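Below are the chains, spelled out letter by letter.
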Amino acid sequence: MLFNSKDISTALSGSTLLIVVNAKDWNTHHAQMQWFERDKPTDEWKPVNDPFNVVIGKNGLANGLSLIPVPEGITDLKSEGDLKSPAGLFGFCFAFGYAPNPEPGMTWPYLAIDENFVGVDDPDSRYYNCIVNASKLTPHDWKSAETMMRPDGLYKWGLVVDYNFNPFRKAGGSQIFLHIWRNSETGTEGCTAMPEDKMLELLKWIDGSKNPLLLQGAGIEI
C-alpha cells in the first residue's frame, strides 16, 4: 500500500461508514470489497460483512486525485481510456437505476435512468464526466458518450463515485461508478462492479448522513 496511513486517518476523521476495495496488486482486475462502520469518528472501525469478490478495471489500478495526497514520486495518474480504476479515497454523488423510483430502504439521492441519459466521456465537452439527459441538450458538444440504459443491464443499479469533479483534471478519467458486474472474471472500463444482490444491499446500507467513503487500492490494511 503506497498511501500514508496518517493521511488516510485524517481524511476519514468525519466518516462513520467506509467501503474498502482491496486488490492484491496494482495490475489485477480482481479485488475484494468489505464494508466498515463505527458509532463515532473516534471509534475503531468494525466490519459489517465478510470480504466478497468484485472486479475493477481491466488493467488494474492507477492513482487518482482524491481526498488523500497522491503518494510522493507518483506521476502516472489515472487517465481517460486507460481501463484502470482510480486508487485513493473518495466520496459519493448519487445513486441511479432503471427503476422509476428507488427501492424501499434506499436513502441516497436517486436518478431514474431512461433511454435519453448518457455519460459524457469526451474531455473536450463542457459536460465531461457528467450524466446528462441528451434530449434536453441540443446540439450536443461531445463526440463520445456512453448510453446509460445498457442492454446488458450493468447499470440497472449503481452509485456515482465522486471522482475527478473537485479537484478536476482534464482527461483524468470519467464515469466512475459502483455497479453490477458482467461476471466474476471480466474487468471493467474503470469502475468497480459486483453481483446485483450485493449492489442492492450496498445501496440500502449506505447512509449519506454518515459521510460514507470509498477507499480503493492494493494491500490496504484497516
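Everything here concerns the structure above.
Every value quoted in this text rests on a predicted model; they were computed, and no experiment measured them.

Draft legend 1. The overall build of the protein, seen in detail. Across its full length, the protein holds 2 helices and 14 strands. Relative to its length of 222 residues, the protein is compact, with a C-alpha radius of gyration of 17 Å against a globular reference of 17 Å. Looking at the protein alone, contacts between residues at least 24 apart form 64% of all its contacts between residues at least 6 apart. Approximately 10,700 Å² of the protein is accessible, and the part contributed by carbon and sulfur atoms is 49%. When the 19 positive and 28 negative side-chain charges of the protein are each reduced to one mean point, those points stand 1 Å apart.

Draft legend 2. Structural context of the packing of aromatic side chains. Evaluation of the coordinates by the stated rule reveals 10 aromatic pairs. Note on tryptophan 35 and tryptophan 205: the rings are 5.1 Å apart at their centroids and 15° apart in plane angle, and the pair reads as stacked. Here the residue tryptophan 35 occupies a position in strand E2 (residues 30-37), and tryptophan 205 occupies one in helix H2 (residues 196-205), the gap between them amounting to 170 residues. For the pair formed by tryptophan 35 and tryptophan 205, the shared burial category is buried. Each residue in the set Trp35, Phe52 and Trp205 is aromatic and connected to the rest through ring pairs, giving one cluster. The lysine or arginine in question, arginine 150, covers the ring of tyrosine 155, its NZ or CZ lying 5.2 Å from the ring centre. In this arrangement the basic side chain of lysine 198 is found over the ring face of phenylalanine 52, its NZ or CZ atom lying 4.8 Å from the centre.

Draft legend 3. Region of the structure containing unusual backbone geometry. Omega for the bond connecting threonine 138 with proline 139 falls within 30 degrees of zero, at 0°, which places this linkage in the cis form. Positive phi, normally seen in glycine, also occurs at asparagine 211, with a value near 50°. If you trace the backbone, asparagine 211 turns up in the loop between H2 and strand E14 (213-218). Under the relative-accessibility criterion, asparagine 211 is labelled partly exposed at 33%.

Draft legend 4. The nonpolar core, seen in detail. With 46 residues, the main nonpolar core has Met33, Leu159, Leu178 and Leu202 as its most contacted residues. Within the residue set of this core, elements represented by two or more residues are strand E1 (17-23), E2, strand E4 (52-55), strand E6 (85-97), strand E11 (157-162), strand E12 (177-180), H2 and E14. Element by element, the count of residues in this core is highest for E1, at 6 residues. Apart from residues no more than four positions distant in its own chain, leucine 202 is found in contact with Ile19, Met33, Trp35, Leu159, Leu178 and Met194. The next biggest cluster of nonpolar side chains, apart from the first, holds 11 residues, and it includes Tyr98, Ile113, Leu154 and Val160.

Draft legend 5. Representation of the side chain of asparagine 129. By the element assignment, asparagine 129 lies in the loop between strand E8 (117-120) and strand E9 (131-133). In this structure the side chain of asparagine 129 is engaged in a polar contact, spanning 2.9 Å, whose partner is the backbone oxygen of tyrosine 163. Here the side chain of asparagine 129 touches glutamine 175 through a polar contact of 2.8 Å, landing on its backbone nitrogen. Here asparagine 129 is in contact with Val120, Tyr163, Asn164, Phe165, Gly173, Ser174 and Gln175, once residues within four sequence places are set aside.

Draft legend 6. Local environment of the sheet that holds E9. Ordered in space as E9-E8-E10, the 3 strands form an open sheet in which the pairing is antiparallel. Each edge of the open sheet is held by one strand with a lone partner, namely E9 and strand E10 (145-147). Neighbouring strand axes in the sheet, compared pairwise and without regard to direction, differ in orientation by 35° on average. Pairing geometry for E8 and E9, over 3 bridges, is antiparallel. Within the sheet, the bridge partner assigned to valine 118 lies in E9 and is valine 132.

Draft legend 7. Representation of H2 in the model. Within the sequence span of H2, burial applies to Met199, Leu200, Leu202, Leu203 and Trp205. Residues of H2 that are buried make contact with E1, E2, E6, E11, E12 and strand E13 (192-194).

About the criteria used
- Residues numbered from 1 in each chain as written.
- Predicted model: local features only at pLDDT ≥ 70, side-chain atom pairs only at ≥ 80, totals over all residues.
- Heavy atoms only, no water.
- Helix = DSSP H or I, 4+ residues; strand = E, 2+ residues; numbered from the N terminus.
- Rg over C-alpha atoms; globule rule 2.2 N^0.38 Å.
- Contact = heavy atoms within 4.5 Å.
- Areas by Shrake-Rupley, 256 points an atom, 1.4 Å probe, with all protein chains shown as cover.
- Lys, Arg positive; Asp, Glu negative; His and termini not counted.
- Charge placed at Lys NZ, Arg CZ, Asp CG, Glu CD.
- Phe/Tyr/Trp six-rings, centres within 6.5 Å; stacked < 30°, edge-to-face > 60°.
- Buried < 20%, exposed > 50% of the residue type's maximum accessible area, 1.4 Å probe, protein only.
- Lys NZ or Arg CZ within 6 Å of the ring centre and 35° of its normal.
- Core = buried A, V, L, I, M, F, W, Y, C linked by side-chain atoms within 4.5 Å.
- Polar contact = N/O pair within 3.5 Å; in protein donor to acceptor, adjacent residues only side chain to side chain.
- Pairing = 2+ DSSP bridges.
- Axes fitted to C-alpha atoms, helices over the stretch in contact; angles between N-to-C directions.

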